[in-house]
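Chain by chain, the residues run as shown.
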Amino acid sequence: MKRVGIIGLGEYLPKKVLTNADLEKMVDTSDEWITTRTGIKERRIAAKNEATSDLAIKAAKEALLDAKLAAIDLELIIVATITPDMFTPSVACYVQHGIGAKNAAAFDVSAACAGFVYALSVASQFISRGTYKNILVIGAEKLSAFTDWEDRNTCVLFGDGAAAAVLSEVEAGGILSTYLGSDGTRADLLNIPGGGSRHPATTQTLEDRLHYLKMEGNEVFKLAVTTMAEAAYMAIKKAGLEPKDIDLVIPHQANVRIIMAMAKKLNFPQEKIYLNIERYGNMSSASTITALCEAVKEGRVKKGDTVLLDAFGAGLVWGAVVIEW
Ligand code: UT7
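Position numbers for residues start from 1 in each chain and track the written sequence from start to end. Where totals are concerned, whole chains, interfaces and linings use all residues; where local detail is concerned, this predicted model gives features only for residues with pLDDT of at least 70, and gives and counts side-chain atom pairs only at 80 or more. Each side-chain value is worked out from all heavy atoms of the structure, with water and hydrogens disregarded.

**Brief notes about the pattern of salt bridges**
Working step 1: Throughout this description, the term salt bridge denotes a Lys or Arg side-chain nitrogen within 4 Å of a carboxyl oxygen of Asp or Glu. Scanning the entire structure with this criterion turns up 11 salt bridges.
Working step 2: Between Glu50 and Lys58 there is a salt bridge, with its nearest N and O atoms 3.8 Å apart.
Working step 3: Only protein chains enter the accessibility calculation, which uses a 1.4 Å probe; a residue whose area is less than 20% of its type maximum is buried, one above 50% is exposed, and one in between is partly exposed. Using a relative accessible area of 10% as the deciding quantity, one classes Glu50 as buried.
Working step 4: One continuous salt-bridge network, built from bridges that share partners, spans Glu11, Glu62 and Lys297.

So, in structure tokens, the structure goes:
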């Protein structure tokens, strides 16, 4: 088995900033409620003419530059997303064309907020078994296109963005373990019910606002804490480590209270938790990889450090990855 590591990172966040003060003018909410209940201050919103693949392509180009690789060196592109440009073809195919990766296969992974962790786990199998040498893994979302801007329960939570990682064979360190889980019995808690084969688009589904994201926040909150803690613990154990050996935790950025409750369960001190939720809100598949990208840029991850990615999302799904940097 070959060692697999991240050799390049890139991100793209749309320019438009939507603040809590802006949301106060749209729905019955307040900066105080959003800040204390979630930790979010602002989020980015993609332009009307920007689709998920446009965000993904920009992040991909930056990651390739960082990795010092050309697009033609890629053999596979995996995009984690729940907000594709359209049902088919995949966002990964648009990225393949957009960056000129003419030697790459391409597909999407749908695992909601755990999407990047799932995609990273899948990609690492191809490299560790020697099937491929260089793989581009992207988390990209335009959640603003699926957000009900009249529903205060959800519209304050989400944002748009993309980030990418180039995976390659490495000589030392790299991915030490991966752990994934799911529980489809709770699929009803968080979904976008309309527009699929269950409820194909009709004027009625539009009137019923079924094409927007629906969530039972409170129930999801409790499950997020337990499953993120379980995923973190299992991945750390699989790596032969203890929670105290982790230098930096990069959690999915859904709610600062979820993150701190998970941290408490595993005795992670606050200074070992990376947060950027204040600036971007919940970007689903794009959250953990954007946080990793920014943590590295800010010098929070040093060579030899052990980093934990930990995520949870609709499905329900969850997963964690331990990486030696
Ligand atoms: O990414 C993975 C999936 N997503 C998540 O992990 C999100 C998980 N859930 C959460 O983060 C939290 O449950 C929320 C932030 C969504 C909600 O926080 P909460 O502390 O669970 O609040 P709640 O849903 O119990 O609502 C408390 C009150 C309700 O009013 P009443 O019934 O007590 O009168 C809501 O109507 O807060 C009200 N409320 C709001 N008030 C002002 C709900 N949304 C808002 C809002 N502004 N935006």
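**Some remarks on the sheet that holds strand E13 (residues 317-324)**
Pairing between the strands of a sheet is mediated by backbone hydrogen bonds and can be parallel or antiparallel.
Working step 1: DSSP bridges decide pairing: two strands pair if at least two such bridges lie between them. Helix and strand assignments come from DSSP, with helices taken as H or I runs of at least 4 residues and strands as E runs of at least 2, each series counted from the N terminus. Taken in spatial order, the four strands line up as E8-E13-E12-E11 in an open sheet, and their pairing is mixed. Each end of this open sheet is capped by a strand with a single partner; those strands are strand E8 (174-182) and strand E11 (248-251). Neighbour to neighbour, the strand axes of the sheet diverge by 15 degrees on average, direction disregarded.
Working step 2: Examined bridge by bridge, E8 and E13 share eight bridges and lie antiparallel to one another. Bridging from a neighbouring strand, Thr178 pairs with Val321 of E13.
Working step 3: Sitting on the sheet, helix H8 (residues 217-238) touches E8, E11, strand E12 (306-313) and E13, and the angle it makes with E12 is about 145 degrees. Simply put, an axis is a line fit to the C-alpha atoms, just over the touching stretch for a helix, and the angle between two N-to-C directions goes from 0 to 180 degrees. Whether two residues are in contact is decided by their heavy atoms, any of which lying within 4.5 Å being enough.

**Things to note about the domain arrangement of the chain**
Working step 1: Where a domain begins and ends is set by an automatic assignment or by a domain database. Once the domains are mapped, the chain shows domain 1 (4-172) and domain 2 (176-324).
Working step 2: Each of domain 1 and domain 2 has a C-alpha centre, and the two are 14 Å apart.
Working step 3: Taken together, the contact between domain 1 and domain 2 spans 49 residues of the former and 46 residues of the latter.
Working step 4: For the pair domain 1 and domain 2, the summed buried surface comes to about 3,800 Å²; carbon and sulfur atoms form 64% of the total.
Working step 5: By buried area we mean how much accessible surface two parts lose on assembly, using a 1.4 Å probe and totalling the loss over both. Per-residue buried area on domain 1 facing domain 2 is highest for Cys113, Val117 and Tyr118; these three make up 16% of the total on that side.
Working step 6: Along the contact surface separating domain 1 from domain 2 lie four salt bridges.
Working step 7: A salt bridge links Glu11 to Lys297; the nearest nitrogen and oxygen atoms lie 3.0 Å apart.
Working step 8: Any N or O atom pair separated by 3.5 Å or less is treated as a polar contact, with the protein-specific requirement of one donor-capable and one acceptor-capable atom, and with residues adjacent in sequence counted only for side-chain atom pairs. At the boundary of domain 1 with domain 2, the tally comes to 16 residue pairs in polar contact (both at pLDDT 80 or more).

**Focus on the packing of aromatic side chains**
Working step 1: What counts as a ring pair is set by centres within 6.5 Å for rings of Phe, Tyr and Trp (its six-membered ring), and what kind of pair is set by the plane angle: stacked under 30 degrees, edge-to-face over 60, tilted for all other angles. One pass over the structure, following the stated rule, counts one aromatic pair.
Working step 2: A ring pair is formed by Phe126 and Tyr132, whose centres lie 5.2 Å apart and whose planes are at 40 degrees; its orientation type is tilted.
Working step 3: A relative accessible area of 23% means that Tyr132 is categorised as partly exposed.

**Quick look at the nonpolar core**
Working step 1: Core analysis: the largest hydrophobic core is formed by 42 residues, its most contacted members being Ile246, Val249, Phe268, Leu308 and Phe312.
Working step 2: Those elements that place two or more of their residues in this core are H8, helix H9 (256-265), E12 and E13.
Working step 3: Looking at this core element by element, the count peaks at nine residues for H8.
Working step 4: Shared between two domains, this core holds at least three residues of each, these being domain 1 (4-172) and domain 2 (176-324).
Working step 5: Residue contacts for Phe268: discarding those within four places in its chain leaves Ile236, Pro243, Ile246, Val249, Met262, Ala263, Ile273 and Leu308.
Working step 6: Val109, Leu120, Ala165 and Leu292 belong to the second largest nonpolar core, which has 37 residues in total. As used here, the term nonpolar core means buried Ala, Val, Leu, Ile, Met, Phe, Trp, Tyr and Cys residues forming a set that is joined through side-chain atoms within 4.5 Å.

**Some points on the site of the ligand**
Working step 1: The local shell around the ligand holds 23 residues, among which Thr29, Arg37, Asn218, Asn255 and Asn282 are the closest.
Working step 2: Here Arg152 contributes a backbone N or O atom positioned 2.9 Å from a nitrogen atom of the ligand.
Working step 3: The backbone of Gly217 places a nitrogen or oxygen atom 3.0 Å from a nitrogen atom of the ligand.
Working step 4: Here the ligand, which alone exposes 960 Å², has 75% of that area covered by the protein. By convention in these notes, a residue is near a molecule or strand provided one of its non-hydrogen atoms lies within 4 Å of it. Surface exposure here means Shrake-Rupley accessible area, sampled with a 1.4 Å probe, where a residue is shielded only by the protein chains that are shown.

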